[in-house]
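Observations on the model geometry
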Amino acid sequence: MAKKQYFLIIDTETTITDKVVDFGAVICDRNGNIVNQCAVLVNGIFGVDDLFYDRNAEGIWSKASIARRMGNYTTMLDTGTRMLASIHAINRWLEKVNAKYAPTLTAYNIAFDNAKCANTGIDLSIFAERFCLWAAAVGNICNTKAYRQFVLDNHLFNARTKHGNMTFSTTAEAVTGYLSGAMTDEPHTSLEDIIGYEMPTLVHILKKKGWKEKITPYVWRDFQVKNHYSVK
């Protein structure tokens, strides 16, 4: 009998100093059954470094949103949906689940999460197998006619750049909206994003024949609106 395969999905929320403040991880099987999970705020970073913000942004990534987002995390600590954990404790947890499950590591834009974890001292190098869930979504979902129609129906187009380029969305929100048939807003908190958005996408992709061979890293030039939509 073949050994059961497990996947480790991680998601991070970060600070203005490019470190992880909110670390989430889920171990699941191919059907999305969760066997272990972790959701912690990083001790020594939470409440010390400002949450990430963009001076030019409005909404969730604006500087004005920091107080509300910090309040949300404080409520999570009070209700027990988050705990404070040291970097050492996070690494010990990762070592234990690697030893027990030998999972394949993935994340929606794994390069981003891997870099921020490295900046923080969270060690993801111990996982032998990995792939980018975003790249898997690009190659297995976002290049389909049905997905492009969903984008059009829901106006999922990114802003035009100063050079005149315009792309359509391939975010976790957009892909999950396509799979579920309805758009919702990611909370942009680690564990909740994994369970609500990234894990359903993973489970869907794993059911596709030859999904690994179709993994395609995102290149913005390949998703320009002018190359995929035409006037009839």
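Just so we're clear, the structure is a prediction, and the values are computed from it rather than from any experiment.

Our focus in this paragraph is the overall build of the protein. Scanning the protein for helices and strands turns up 7 helices and 6 strands. Reading the secondary structure of the protein in the N-to-C direction produces β-β-β-α-β-α-β-α-β-α-α-α-α. By the compact-globule yardstick of 17 Å for 232 residues, the protein fits well, its C-alpha radius of gyration being 18 Å. Once the C-alpha set of the protein is aligned to its principal axes, its extents read approximately 60 × 55 × 30 Å. Looking at the protein as a whole, 45% of its 232 residues are labelled buried. When the accessible surface of the protein is summed, it comes to about 12,200 Å², and 52% of that surface belongs to carbon and sulfur atoms.

Turning our eyes to something else, we now look at the sheet that holds strand E6 (residues 130-132). Reading across the sheet, the 6 strands line up as E4-E3-E2-E1-E5-E6 and stay open at both edges, with mixed pairing between neighbours. Across the chains shown, the open sheet's two edge strands, defined by having one partner strand only, are strand E4 (83-85) and E6. Between one strand and the next, the sheet's axes are offset by a mean angle of 30°, whatever the strand orientation. With 3 bridges joining them, strand E1 (residues 6-14) and strand E5 (residues 104-107) adopt parallel strand pairing. Across the sheet, the residue bridging to Ile9 is Thr106, located in E5. In this fold helix H2 (residues 87-101) packs onto E1, strand E2 (20-29), strand E3 (34-42) and E4, with an angle of close to 165° to the strand it touches most, E3. Sitting on the sheet, helix H3 (residues 110-120) touches E1, E2, E3, E5 and E6, and the angle it makes with E1 is about 70°.

Ranked by internal contacts, the top residues of the largest apolar core, which has 33 residues, are Cys28, Phe131, Tyr147, Phe168, Val175, Leu202 and Ile205. Elements with a minimum of two residues in this core: E1, E2, helix H4 (133-142), helix H5 (145-154), helix H6 (172-180) and helix H7 (190-206). The dominant element in this core, judged by the number of residues it contributes, is H7, at 8 residues. Those residues in contact with Phe168 that lie beyond four places of it in its chain are Cys142, Tyr147, Arg148, Val151, Leu156, Phe157, Asn158, Phe223, Val225, His228 and Tyr229. With 32 residues, the next largest nonpolar core counts Val20, Ile27, Leu51 and Tyr73 among its residues.

Turning next to helix H1 (residues 66-79). For H1, built from 14 residues, the straight-helix expectation of 20 Å at 1.5 Å per residue is met to within 8% by its first-to-last C-alpha distance of 20 Å. Taken together, the buried positions of H1 are Ile66, Arg69, Tyr73 and Met76. Across the axial projection of H1, the buried residues extend over an arc of 85°, all falling on one side. Along H1, exposed side chains directed more than 90 degrees from the buried face belong to Ala67, Arg68, Asp78 and Thr79. Elements in contact with the buried residues of H1: E1, E2, E3 and H7.

Turning our eyes to something else, we now look at the environment of Val21. If you trace the backbone, Val21 turns up in strand E2. The exposure class assigned to Val21 is buried, which follows from its relative accessible area of 1%. C-alpha separation for the pair Val21 and Thr189, spaced 168 residues apart in sequence, amounts to 10 Å. Setting aside anything within four residues of it in sequence, one finds Val21 in contact with Glu13, Thr14, Thr15, Val40, Leu41, Val42, Ile45, Phe46 and Leu51.

What follows concerns the packing of H4 against H6. Where H4 meets H6, the closest approach of the two axes is 11 Å, and the angle between their N-to-C directions is 40°. Classed by the angle they form, the pair H4 and H6 counts as oblique. When the axes of H4 and H6 are compared, the crossing they make is left-handed. Residue-level contacts link Ala137, Ile141 and Cys142 of H4 to Val175, Tyr178 and Leu179 of H6. A per-class count over the contact of H4 with H6 returns 6 nonpolar, no polar and no charged.

Another aspect to go through is the pattern of salt bridges. Within this structure, the stated rule accounts for 5 salt bridges. With a closest N to O distance of 3.3 Å, Lys4 and Asp29 form a salt bridge. In this pair, Lys4 is assigned in the segment before E1 and Asp29 in strand E2, connecting sequence segments 25 residues apart. Note on Asp29: relative accessible area 4%, which makes it buried. Across the pair Glu95 and Arg92 runs a salt bridge whose closest N-O atoms are separated by 2.5 Å. Of the two residues, Glu95 and Arg92 both sit in helix H2, 3 residues apart, roughly one turn of that helix. Among the residues examined, Arg92 registers a relative accessible area of 28% and is labelled partly exposed.

Reading guide: rules and limits
Residues numbered from 1 in each chain as written. Predicted model: local features only at pLDDT ≥ 70, side-chain atom pairs only at ≥ 80, totals over all residues. Heavy atoms only, no water. Helix = DSSP H or I, 4+ residues; strand = E, 2+ residues; numbered from the N terminus. Rg over C-alpha atoms; globule rule 2.2 N^0.38 Å. Buried < 20%, exposed > 50% of the residue type's maximum accessible area, 1.4 Å probe, protein only. Areas by Shrake-Rupley, 256 points an atom, 1.4 Å probe, with all protein chains shown as cover. Pairing = 2+ DSSP bridges. Axes fitted to C-alpha atoms, helices over the stretch in contact; angles between N-to-C directions. Contact = heavy atoms within 4.5 Å. Core = buried A, V, L, I, M, F, W, Y, C linked by side-chain atoms within 4.5 Å. Expected span 1.5 Å × (residues − 1). Arc of directions from axis to C-beta. Parallel < 35°, antiparallel > 145°, perpendicular 65-115°, else oblique. Left-handed = near helix turned anticlockwise from the far one by under 90°. Nonpolar A, V, L, I, M, F, W, Y, C, P; charged D, E, K, R; others polar. Salt bridge = Lys/Arg side-chain N within 4 Å of Asp/Glu carboxyl O.

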